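Observations on the model geometry
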Amino acid sequence: CPPPLLTLSHISGISMSPSRQNSRHSLHSTTALPKTSYSVLSAFCTEGNISQCIAYINQEVCSLGLTGASLESKSGNLSAVPVLNLLYEVLQLQRRAQRALHELETQQLMNGSDLEHLQHSNCRLKDQLEHTRRENSGLHEGERQLQLKIKTLHNCLKSEKEEVQKLQSIISSRASQYNHDTKRKERECTKLKERLNQLLMDKRDKKLSIEISNYVGRSDGKRGLWKTSKMEARHEGEMYRALLSDYETRQRSLMMENSELKKVLQHMKKDMIAILSPKKPCVQPEPADDSLEQAVSEGEEETGDCCRESLEQSCEQAREQLTNSIRLQWRKLKSHMERLDSQASLVACQEREGDEMMSRKEQEDEMQRMRLELQQCKEFIHMQQQLLQQQLSSPCDEETAALLNDCYTLEEKERLKEEWRLFSEQKRNFERERKNFTEAAIRLGHERKAFEEDRAAWLKTQFLHMTPFVDRKRPALSEPHSALAVSTEPEAKLQSTPPLVTKSQSYSVFSTPKAAPVKMPSTADLYRTLHLIPEKATGKCPSGEMLTKSRLRNCSADCSVISLVRDENSPV
Amino acid sequence: MNFSEVFKQSNQLCKVSPDGKYLATCVQYRLVVRDFNSLQIVHLYTCLDPVMHMEWSSDSLFILCAMYKRGLVQVWSLEQPDWHCKIDEGSIGLVSSRWSPDGRHILNTTEFNLRVTVWSLCTKAVSYIKYPKACQKGVDFTADGRYMALAERRECKDYISVFVCDDWHLLRHFESETQDLAGLEWSPNCCVLAVWDNCLEYKILLYSLDGRLLSSYSAYEWSLGIKSVAWSPSSQFLAVGSYDEKVRILNHITWKKITEFEHPATIINTKAVVFKEVEKRPVVGSEDLSIHQLTVDNSLFSTQSKYEITQLPAQVPVIKPDPDRANPKIGISALAFSADNRFLATKNGSFQVQSLFWHCSGSSLVLLSKEHICLCYMEAEEEK
């Protein structure tokens, strides 16, 4: 083995050739100098330097501590004995050294193997340690889990125990109840048994009976009825009727409740739509407006739906529609509220941060404007108050006072002027009418006079008629009939003389066949004829011609014109 | 407050006639009828045995006196004092006796609930109804007196029979889905019958007049269940009081619970007004205890009580009942709706209130305990 060779060569201090170091020689052989190295030794001692060599060898021997006799060079001859002794000692030395080397080598080997062994065992132990550490931690973990399990099991156990206790208490109470009941039943049973015994023993058996002095009438006074199948059917029918009426009342109340709730929902919806729609102008310009408008338009659509919904109240579709529309509106309202909230918070943020000067500036402008307006109004009011004060207090300047008075009275003057105008107009009308009236009265007077004359003449002729002189009267009759000749030629007379007609009307009023006293027409009649007051019975004022025509119609039927007075009053 | 003289009575049998004209009291075996306004004795009847139960007929013309020991029922007429009627149940015994709503039939329940005998005062007809159930409330008449519901038990199953009171014709007979029927009650509109199970199971069933099951409601299971039930006068609500100290209100449209009221021991609801009875006993010094004082001053031993409003939160005294005893004194034992549907009065726990009922106008509530009577006036707000 090469390593001991190396070390050997180092210890001995002998320089060896490199070829030597690689060779695998045995220990013994290596100690022997091979022949190849002879050339090295031969260089040490030559013929010329024997004495030096001897001296050097003596030195070396001395330093080595050998007792060998010092090699003396007598006459230049080297005695073999000290050399041999020296050689022998060196050999001994060499052998000793070899032995020591051997021992050291073995020692070395042993140490090496020990080391190896120790290293191995170290590794092994390290591994073992690692392994045991891991095991330890695993065991710890396991222990912890087991602890946890123990705790949970403890809790389970506790709860189970509680439940067991509760169930036990329940069981005990039930048991006591059962016992109580069974005892009661047992007591009853024993009583029954006793009574049975008694009855079996007892000979006299009391029968059940009723003793009643006289049978009473039924509470509702009706006669009792036989039990027949018809009766049974009637009972069944009554029972079902009772049930049905109950269901009907319940259904009615539920329907009422339903309709009321629907109404409430509809109102709510309308309110929500109302809330959402008028917000349009007030809301600040924002893109959210579009959705609002959309909401409004949708809301308007919804109101149209309302009508439809109210018609089909019981329809499930309508019901769903209503609830869906309510939900929609509610969602819109919610989103709108959220938007408003966000806007408000945004505005609040803006005020704090000072960003977005636009809206703020607008606000400020508006505020300024409002303040200005307020100031103006205040000034105006103040001025008004001052003026009022001036008015109330006595004016210092007469002229201005007069002027002021004038100003105030101007309006009144205007009003008065207007009223005066109206008054004068009315006065004029009145004057006209009075003139007409007086004319008519004058005419009437004239007519009356003429009439009286006529009447007198007629009476005279009548009187004369009674005499045998008949023929002569006819023409005389015809004459005064000129006024009364309206009946024969009504139309022609009418066109030319409407007032005459009226006069004749008034005459005909009075022409009675009998010698009745002349009945003067009442003022109302006169006025009516003169068309100053509307006809009583008729709503509209018929034209004078129409009236007179009808009157003439009535007149022409027969000469008796008594009915004319009545006809004037009666509706045409 | 004026009081009349004290009249004797036995078995707490003292009833005013339905028309309000007469007052009938029983003293042992005598039946005394007085005019209500003057309290003068109008009639005096003698029965064969001490009277255990006395009832006016609905038209105030007859009075029924039942003597359970002898199994006898005697009926007296107010119009004809010498008219008499005696019903003998024979050896079968008598447990309870009542009038029918028309006032012309008497229903006798025999001993051991073997049968219900229907005696008619108009005809000679006798009807028998077998297997009636002995429970808290096994018979109920509709408000208009047309139908009667009767609980029956055959072969360990509950049945309900509906009879027409006119001629006692069996209209419907159907099985009830209860484990152990405890009671039944018609709704005031006579169309729905509420049937509830006994306290071991919380179950209330609603049947329609023709026997169909409309709905069933159960709030919880295993713990003790229903203790009391009341219909609202408009038939819209059904109040169910249970042993867990809660009242649950069901609505008549879906028959589901719409609300529930709790009765906590500490009242913290700010809208609640708590009245507490405060007794004032006059303090008697030992020097004052002379006989003269005692005879003159009657109020010395009388305790006056007043109701005061206590501050919230108020603590209600709670007595924990013995869990080993049956029918524990916890839970809602009494329920009453006012006539105008506005108020509901409930009694929870072991308070010594024997009965509570409303005045017909709905403005006041009467509480009866063993020794006291208490009137509560509700101040109704004016409706705008």
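Reading the values: the criteria
Residues numbered from 1 in each chain as written. Chains lettered and ligands numbered in written order. Predicted model: local features only at pLDDT ≥ 70, side-chain atom pairs only at ≥ 80, totals over all residues. Heavy atoms only, no water. Helix = DSSP H or I, 4+ residues; strand = E, 2+ residues; numbered from the N terminus. Buried < 20%, exposed > 50% of the residue type's maximum accessible area, 1.4 Å probe, protein only. Contact = heavy atoms within 4.5 Å. Areas by Shrake-Rupley, 256 points an atom, 1.4 Å probe, with all protein chains shown as cover. UniProt positions renumbered as here; feature names shortened; annotations may be inferred. Axes fitted to C-alpha atoms, helices over the stretch in contact; angles between N-to-C directions. Left-handed = near helix turned anticlockwise from the far one by under 90°. Nonpolar A, V, L, I, M, F, W, Y, C, P; charged D, E, K, R; others polar. Salt bridge = Lys/Arg side-chain N within 4 Å of Asp/Glu carboxyl O. Pairing = 2+ DSSP bridges. Phe/Tyr/Trp six-rings, centres within 6.5 Å; stacked < 30°, edge-to-face > 60°. Lys NZ or Arg CZ within 6 Å of the ring centre and 35° of its normal.

1. Considering the overall build of chain A
In terms of regular secondary structure, chain A is built from 19 helices and three strands. Per-residue burial over chain A gives 17% buried out of 572 residues. Summarising the internal contacts of chain A: among those between residues at least 6 apart in sequence, 53% fall at separations of at least 24. A total accessible area of about 45200 Å² is found for chain A, and carbon and sulfur atoms account for 59% of it.

2. Here we look at the UniProt feature "coiled-coil region" (unreviewed entry) in chain A
Under the feature "coiled-coil region" (unreviewed entry), the UniProt entry names residues 175-202 of chain A. In residues 175-202 of chain A, the share of helix is 96% and the share of strand is 0%. The end C-alpha atoms are 39 Å apart.

3. Focus: the packing of helix α7 (residues 229-276) of chain A against helix α10 (residues 316-353) of chain A
Relative placement of two packed helices is described by the angle separating their axes and the distance separating the axes. Residues and elements named next belong to chain A. In the contact formed by α7 and α10, the axes pass within 10 Å of each other and the chain directions differ by 35°. Considering how the two elements wind past one another, α7 and α10 form a crossing that is left-handed. On α10, the residues touching Lys262, Leu265, Gln266, Lys269, Met272, Ile273, Ile275 and Leu276 of α7 are Arg319, Leu322, Ser325, Ile326, Gln329, Trp330, Lys332, Leu333 and His336. Its residues assigned to classes, the contact of α7 with α10 shows nine nonpolar, four polar and four charged.

4. Looking at the pattern of salt bridges
Scanning the entire structure with this criterion turns up 29 salt bridges over all chains. Between Glu452 of chain A and Arg455 of chain A there is a salt bridge whose closest N-O contact spans 3.8 Å. Of the two residues, Glu452 of chain A and Arg455 of chain A are both situated in helix α12 (residues 398-465); the distance of three residues between them amounts to about one turn of the helix. For Glu452 of chain A, a relative accessible area of 36% corresponds to the partly exposed category. On the basis of relative accessibility, which here comes to 31%, the residue Arg455 of chain A falls in the partly exposed class. With its nearest N and O atoms 3.1 Å apart, the salt bridge here joins Asp244 of chain B to Arg248 of chain B. You can call Asp244 of chain B partly exposed: its relative accessible area is 27%.

5. Some thoughts on the sheet that holds strand β7 (residues 72-77) of chain B
One open sheet accounts for five strands, arranged β3(A)-β8(B)-β7(B)-β6(B)-β5(B); its pairing is antiparallel. For this open sheet the edge positions go to β3 (209-212) of chain A together with β5 (53-56) of chain B, each flanked by a neighbour on one side alone. Averaged over all neighbouring strand pairs, the angle between strand axes comes to 15°, with direction disregarded. Relative to strand β8 (residues 84-88) of chain B, β7 of chain B is paired through five bridges, and the arrangement is antiparallel. Paired with Val73 of chain B across the bridge in β8 of chain B is Ile87 of chain B.

6. Comments concerning the packing of aromatic side chains
Residues and elements named next belong to chain B. On inspection of all chains with the given rule, the structure shows ten aromatic pairs over all chains. Ring geometry for Trp231 against Trp255: centres 6.0 Å apart, planes inclined by 85°, an arrangement best described as edge-to-face. Note that Trp231 is positioned in strand β21 (residues 226-231) and Trp255 in the loop between β23 (246-251) and β24 (257-262), a separation of 24 residues in sequence. Note on accessibility: Trp231 and Trp255 belong to one class, buried. Connected via pairs of aromatic rings, a cluster forms that spans Phe62, Trp83 and Trp99. Above the plane of the ring of Phe7 lies Arg34, whose end atom (NZ or CZ) is 3.7 Å from the centre.

7. What about the sheet that holds strand β20 (residues 213-217) of chain B?
All names here are of chain B. In space, the four strands of this open sheet follow the order β17-β18-β19-β20, with antiparallel pairing throughout. The open sheet has two edge strands with one neighbour each: β17 (181-186) and β20. Sheet twist, expressed as the mean angle between neighbouring strand axes with direction ignored, is 20°. Bridging between strand β19 (residues 204-208) and β20 involves four bridges; their strand directions are antiparallel.

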